[in-house]
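# Working through the structure, step by step
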Amino acid sequence: MKHKILTTISGSLPKPNWLAEPEKLWSPWLLEGEELIKGKKEAIKLAVNNQLNSGLSIIGDGEQTRQHFVTTFIEHLSGVDFKNKKTVRIRNRYDAKVPVVIDNISREKSVFVEDAKYVRSLTNLPIKYTLPGPMTMVDTLYDDYYKSREKLAEKFAEVLNKEAKELVDAGVDYIQFDEPAFNVFFDEVKDWGINILEKAASNLKAKTIVHICYGYGIEANINWKNSLGEEWRQYENVFPLLKKSKIDQVSLECQNSRVPMNLIELLRGKKILVGAIDVASKKVETPEQVADILRQATKYAEPQNILGCTNCGLVTFSQEIANAKMQSLALGAKILNQELGFE
Ligand SMILES: [Zn+2]
């Protein structure tokens, strides 16, 4: 076997209904104390098993121990006030009550390292961990201390890098930074976003990924997508910069999106996690539909640089739908691997 198109999910999976109310974003925990700790561990095991049974090749924790992809990490940092929240506009799209930076940011202890060790103990396949990207973190807070988005992002990059190094020491093979903000703040991406992301990802003995999507299928995002016109060309601003960056891989949204596939040509040489599963529709893609998206991608990138992925997280689905979508992802990649003589 020379190459193989590998498969993975972008990050989140549904939580079991005894841990948090299912099919909801940012759903609060239904357990407390020791029960919650035990419950989260059980949920990780289930998430790992579901990925293994679906036939995926790079395994994650399904983000079972986080309520929100950004704030759960921030909750573990000092310098942030979670009691007196302020309302800000997230990615220029919707208002949310967010925590306030009131002092110097620091990370007193690891956030996800124990979870990562547990995932490592459950499988011999490569494992991936997701962390929020520095710019997206800045955009999910009110800053009353640094008074500069760039300085605050730099501080976050420092703590993210420490966390990422510990995750790699725990046996993590891929570190992914989620930066949906890269699809919105193009000037900042150019001025400092890529640089600071590289700092978060520096000197890691793991493959590094940046995930840039158009968000979960919530109303504010769907309205935003509808305003973007016939062709979504946001990636055109960011990909040339990422191509020159030290980030190894880029995860993007393709299935049922209006992103012209030829934009991935701007990433020539990088590995590309092609989003072949829609996260805004409950309709399960067929393996052939997955294969078709991956096949289209091979026109603009070397097949050995393609990975099959989801557009974004699957947390808003039922377990059944998420499992069916993961199975289609694995089977779709298999179709293409056979076509290409990769397996
Ligand atoms: Zn996403």
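Keep in mind it's a predicted model, so treat the numbers as computed, not measured.

What follows concerns the overall build of the protein chain. Tallying secondary structure elements over the protein chain gives 10 helices and 9 strands in all. Computed over the C-alpha atoms, the radius of gyration of the protein chain is 19 Å, within 12% of the 20 Å expected from 2.2 N^0.38 for a compact globule of 343 residues. Over its C-alpha atoms, taken along the principal directions, the protein chain stretches across nearly 55 × 45 × 40 Å. Across the 343 residues that make up the protein chain, the buried fraction comes to 45%. Taking contacts inside the protein chain between residues at least 6 apart in sequence as the whole, the part at least 24 apart equals 77%.

For strand 8 (residues 271-275), the buried fraction is high: 4 of the 5 residues fall into the buried class. When strand 7 (residues 249-253) meets strand 8, the two strands line up parallel, connected through 5 bridges. Residue Leu-252 lies in a different strand from strand 8, and its bridge partner there is Val-274. By the bridge criterion, 4 bridges tie strand 8 to strand 9 (residues 306-309) in an arrangement that is parallel. Bridged to Ile-272 within strand 9 is Ile-306. The parallel pair strand 8 and strand 9 is bridged by helix 9 (residues 287-297), and the resulting crossover is right-handed.

In this section: the sheet that holds strand 2 (residues 94-107). With respect to topology, 3 strands assemble into an open sheet ordered 1-2-4, the strand pairing being mixed. In the strand order of this sheet, the two ends are held by strand 1 (77-90) and strand 4 (142-143), each with one partner. Note: strand 1 against strand 2, 9 bridges, orientation antiparallel. Bridge pairing in strand 2 links Val-88 to Ala-96. The sheet contacts of helix 5 (residues 149-169) involve strand 1, strand 2 and strand 4, and relative to strand 2 the element is tilted by about 70 degrees.

Let's shift gears to helix 6 (residues 186-200). The sharpest bend along helix 6 reaches about 55 degrees and sits at Trp-192. Elements that come into contact with the buried residues of helix 6 comprise helix 4 (134-138), helix 5, strand 5 (174-178), strand 6 (207-212) and helix 8 (235-244).

Phi angles above zero are rare outside glycine, and Trp-26 is one such case at about 55 degrees. Of note, Trp-26 is situated in the segment before helix 1 (33-54). Judged by the 14 C-beta atoms lying within 10 Å of it, Trp-26 falls in the partly exposed class.

Let us now look at the sheet that holds strand 7. With parallel pairing, the 6 strands of this open sheet are ordered in space as 3-5-6-7-8-9. Looking along the sheet, the strands with just one partner apiece sit at the ends: strand 3 (128-132) and strand 9. Mean inter-strand twist for the sheet, computed between neighbouring axes without regard to direction, equals 25 degrees. As defined by bridge partners, strand 5 adjoins strand 6 across 5 bridges and the pair is classed as parallel. Bridge pairing links Phe-177 to Val-210 in strand 6.

Time to look at the environment of Pro-287. By secondary structure assignment, the location of Pro-287 is in helix 9. What makes Pro-287 partly exposed here is the crowd of 18 C-beta atoms within 10 Å. Measuring from C-alpha to C-alpha, the distance between Pro-287 and Leu-336 comes to 9.8 Å, with 49 residues separating the pair along the chain. Residues within four places of Pro-287 in sequence aside, it is in contact with Ser-328, Leu-331, Gly-332 and Ile-335.

Turning to its location among the elements, Asn-323 is positioned in helix 10 (residues 319-339). Classification of Asn-323 by C-beta neighbours within 10 Å gives partly exposed; the count is 19. Along the sequence, Asn-323 and Phe-182 sit 141 residues apart, while their C-alpha atoms lie 29 Å from each other. If near-sequence neighbours (up to four positions away) are discounted, Asn-323 is found in contact with Asn-50 and Ser-54.

Phe-156, Ile-175, Ile-272, Val-274, Ala-276 and Leu-294 are the most contacted members of the largest nonpolar core, which has 96 residues in total. Ignoring sequence-local partners within four residues, the contact set of Leu-294 consists of Ile-5, Val-274, Ala-276, Ile-306, Gly-308, Gly-332, Ala-333 and Leu-336.

Moving on to the packing of helix 5 against helix 6. Packing of helix 5 against helix 6 leaves a shortest axis separation of 7 Å and a crossing angle of 20 degrees. In this view, helix 5 runs roughly parallel relative to helix 6, as classed from their interaxial angle. As helix 5 runs across helix 6, the sense of the crossing is right-handed. Between helix 5 and helix 6, the residues in contact are Arg-149, Glu-150, Ala-153, Glu-154, Ala-157, Leu-160, Asn-161 and Ala-164 and Glu-188, Trp-192, Ile-196, Lys-199 and Ala-200, respectively. Looking at side-chain class alone, the contact of helix 5 with helix 6 contains 7 nonpolar, 1 polar and 5 charged residues.

Turning our attention to the packing of helix 1 against helix 10. The contact between helix 1 and helix 10 brings their axes to 8 Å, and the two run at 40 degrees. When the interaxial angle is binned, helix 1 and helix 10 end up oblique. The element helix 1 and its partner helix 10 pack so that their crossing is right-handed. From helix 1, Asn-50, Gln-51 and Ser-54 reach across to helix 10, where they touch Asn-323, Met-326, Gln-327 and Ala-330. Considering only residue class, the contact of helix 1 with helix 10 consists of 2 nonpolar, 5 polar and no charged.

What counts, and at which threshold
Throughout, a residue's number is its position along its own chain's written sequence, starting from 1. Two thresholds apply to this predicted model, a pLDDT of at least 70 for residue-level local features and 80 or more for giving and counting side-chain atom pairs, whereas whole-chain, interface and lining totals are computed over all residues. Numbered from the N terminus, helices here are DSSP runs of H or I no shorter than four residues, and strands are runs of E no shorter than two. Atoms considered for the radius of gyration are the C-alpha atoms alone. The globule rule reads 2.2 Å times the number of residues to the power 0.38. Neighbour density around each residue's C-beta defines its exposure: 20 or more other C-beta atoms within 10 Å make it buried, 12 or fewer make it exposed, and counts between make it partly exposed, where C-beta atoms are placed from the backbone. Two residues form a contact once the distance between their C-beta atoms, set from the backbone, is within 7 Å. For two strands to count as paired, DSSP must find a minimum of two bridges between them. A clockwise path from the first strand over the helix to the second, with the strands pointing away from the viewer, defines a right-handed crossover. A fitted line through C-alpha atoms serves as each axis, taken over the contacting stretch for helices, and the angle formed by two N-to-C directions is quoted from 0 to 180°. Bend, in this description, refers to the angle at a residue between axes fitted to the seven residues ending there and the seven starting there. Nonpolar core, as used here: buried Ala, Val, Leu, Ile, Met, Phe, Trp, Tyr and Cys residues forming one set through C-beta atoms within 7 Å. Oblique is the label for any angle not under 35 degrees, not over 145, and not in the 65 to 115 range, which are roughly parallel, roughly antiparallel and roughly perpendicular in turn. In this scheme the handedness of a crossing depends on how the near helix is turned from the far one: anticlockwise by less than a right angle means left-handed, clockwise means right-handed. Under the convention adopted here, Pro, Cys and the residues Ala, Val, Leu, Ile, Met, Phe, Trp and Tyr are nonpolar, Asp, Glu, Lys and Arg are charged, and Gly plus all remaining residues are polar.

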